[in-house]
Every structure is written in C-alpha cells, then in structure tokens.
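Chain by chain, the residues:
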Amino acid sequence: MQTIQDAKILIVDDSRELLNLLKEELNSAGYHRLKCADCVKTARQAIGEDMPELVILDINLPDGDGFSLFREIRAHSDVPILFLSARDADSDRLFGLGLGADDYMTKPFLMQELLLRVSGILRRVYRGQIQRETVLHLGESTVDFGDATVTTPAGTVSLTATERTILQKLLDNRGRIVTYDALCEAVWGGDYYGYENSLNVHIRHLREKVEEQPSQPRWILTARGLGYRLAKEESQ
C-alpha cells in the first residue's frame, strides 16, 4: 500500500446504522477499500474472498461472537484486529487484549479517537509496506501507477482513473481470481450493482493498452463466470 488509506478494512457489527456511520466516516478520512459484515457468516465470506488488512470487530453478533471469530482469523492470519464493543467490563477488555487483539474500544466512542487508533495500528503494523511498488512490468509494457501511464515499444499512453484502480486491484491479488463484485466495488464503491458490463468495457480498454495481443491476453486473464486474474510473471 502506498498510504494507510489504501488498507483494506473489514467492519463487522450487527448494527446496520453503525456500519453505515463507520463506513461514511472512514470514507471521509480517505479510506476507500471498505467492506461491511453484520454477522459472523458474512464476515467469514468477506475474509475468504479477500483477506482484509484491518478488521474492526464487534463481540456480540447474531450468529456467534467476536471472540470466536477472532480465534478463527488468528488461526491463519496475523491481520490486525480492533475490538469495538458495547461490552465495557474490564474482564472483557482484558480478555480481548489477552487473545492478542491490537486494540479494544468500548461503545459509545469518539469517532475521531477511533480514526486515530485505526491510523496508529496501520502505521505500526504496515510501516515497512506503506510505499507500494509504483512500477509494474508486463512483458514489454511498463505501468507507472504514479503517473498513470503505460509505456510500450509503440509509445506511452495514459490510464484513466478507473483503469488504474482496476489494475491496482488485480495487482494486489496477483495470481488469484478477483470477482466481478470485488472489482466493481473497488471502482464504484458499495453501489456497484449493474456495473458489470461497464467493467468489461474498461477491461477491454485496459488490455488494449497493456497487452501485446489484446484479443489473446497474456496478463489480464478472464475467469469465466467469476472475474479476472492478473497472471504471475514467473508462470509465463
């Protein structure tokens, strides 16, 4: 990630009102890669599709509890987790921290304090990763994310903001399938329903800029019925 605002954040809480508020406030603070879940089942699905880089986790959930979900996540990932719960007893807070949580906040809370704690966790955990690679080599094509350009033997062309976002999402998950929904959400946010056709058009234009033979792509591959995948260079 180039900045902490690029972090993928999953918010898990049973209150739809609070989920919307947190998403709105985090968006306003510059965080744009957000997912929300209102139960354990939805959280598991979101994590399975794309591992977040920070989880904001409630404890009381309709189909389980945050402590158990924490253990599940920790079994295969060290992603930082911030408990955000109405359970304000010292025993709960100490139990959560004792499990290995990165922080524990109780409701009600000051939104600015939450934003500061989120920022602090991300800066501490990802200090060595904040500056992401800004140049990507795809065969004879060189993508400069900083300038949003693609340079080939034929010359240099510019990427649109949408094309840049799509390619960055594919790069973040290189070698793995990124679903249509995940790509649409990365570009258009939560209100992405109906944008799949637009996504396919942008993918076509992107291939025309980075592929030597756009009709026979080597790098941006289609996973029919699922989404797209950026091929790993070593597999070519």
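Position numbers for residues count from 1 along each chain, tracking the sequence in the order it is written. Reporting of local features is limited, given that this is a predicted model, to residues whose pLDDT is at least 70; pairs of side-chain atoms are given and counted only at 80 or more, and all residues count toward the totals for whole chains, interfaces and linings. Working from all heavy atoms in the structure, the side-chain values ignore hydrogens and water.

A. Local environment of the packing of aromatic side chains. Centres within 6.5 Å make a pair out of two Phe, Tyr or Trp rings, where for Trp the six-membered ring is used; the pair is then stacked when the planes are under 30 degrees apart, edge-to-face when over 60, and tilted otherwise. Applying the stated rule across the entire model yields six aromatic pairs. With centroids separated by 5.9 Å and ring planes inclined at 50 degrees, the aromatic side chains of F83 and Y104 adopt a geometry described as tilted. Separated by 21 residues along the polypeptide, F83 in strand β6 (residues 81–85) and Y104 in strand β7 (residues 103–106) bring together distant segments of the chain. Relative accessibility under 20% of the residue-type maximum defines a buried residue, over 50% an exposed one, and the middle range a partly exposed one, all with a 1.4 Å probe and only protein chains included. A residue is classified by how much of its surface remains accessible, and F83, at 0% relative accessible area, is buried. On the basis of relative accessibility, which here comes to 5%, the residue Y104 falls in the buried class. Helix and strand assignments come from DSSP, with helices taken as H or I runs of at least 4 residues and strands as E runs of at least 2, each series counted from the N terminus.

B. Geometry of the packing of helix α1 (residues 16–28) against helix α5 (residues 111–125). Direction vectors running N to C along α1 and α5 enclose 65 degrees, while the axes themselves pass 11 Å from each other. Seen from above, α1 lies across α5 with right-handed handedness. When α1 is examined against α5, the residues L21, L22, E25 and L26 are found in contact with a partner set consisting of M111, L114 and L115. Tallied by class, residues from the contact of α1 with α5 come to six nonpolar, no polar and one charged. Think of each axis as a best-fit line through the C-alpha atoms, taken over the contacting stretch in the case of a helix, with angles from 0 to 180 degrees between the N-to-C directions. Two helices crossing with the near one rotated counterclockwise from the far one by less than a right angle form a left-handed crossing, whereas a clockwise rotation gives a right-handed crossing. Two residues form a contact once any of their heavy atoms are found within 4.5 Å. Each residue gets one label: Ala, Val, Leu, Ile, Met, Phe, Trp, Tyr, Cys and Pro are nonpolar, Asp, Glu, Lys and Arg are charged, and the others, such as Gly, are polar.

C. Summary view of the pairing of strand β14 (residues 227–230). A pair of strands is treated as paired once DSSP finds two or more bridges between them. Looking at chain direction, strand β12 (residues 178–179) and β14 are connected through two bridges and run antiparallel. For V178, the partnering residue across the bridge sits in β14 and is Y228. Where strand β13 (residues 220–223) and β14 come together, four bridges link them in antiparallel fashion. Bridge pairing in β14 links I220 to L230.

D. Broad picture of α1. Any helix carries an expected span of 1.5 Å times its number of residues minus one. Its 13 residues give α1 an end-to-end C-alpha distance of 18 Å, which sits within 8% of 18 Å, the value for a rise of 1.5 Å per residue. For α1, the set of buried residues is L18, L19, L22 and L26. Seen end-on, α1 carries its buried residues on one side only, within an arc spanning 100 degrees. Away from the buried face of α1 by more than 90 degrees, exposed residues E17, E24 and S28 are located. At the exit of α1 stands G30, carrying a positive phi of roughly 105 degrees. This arc is built from the directions going out from the helix axis to the C-beta atoms.

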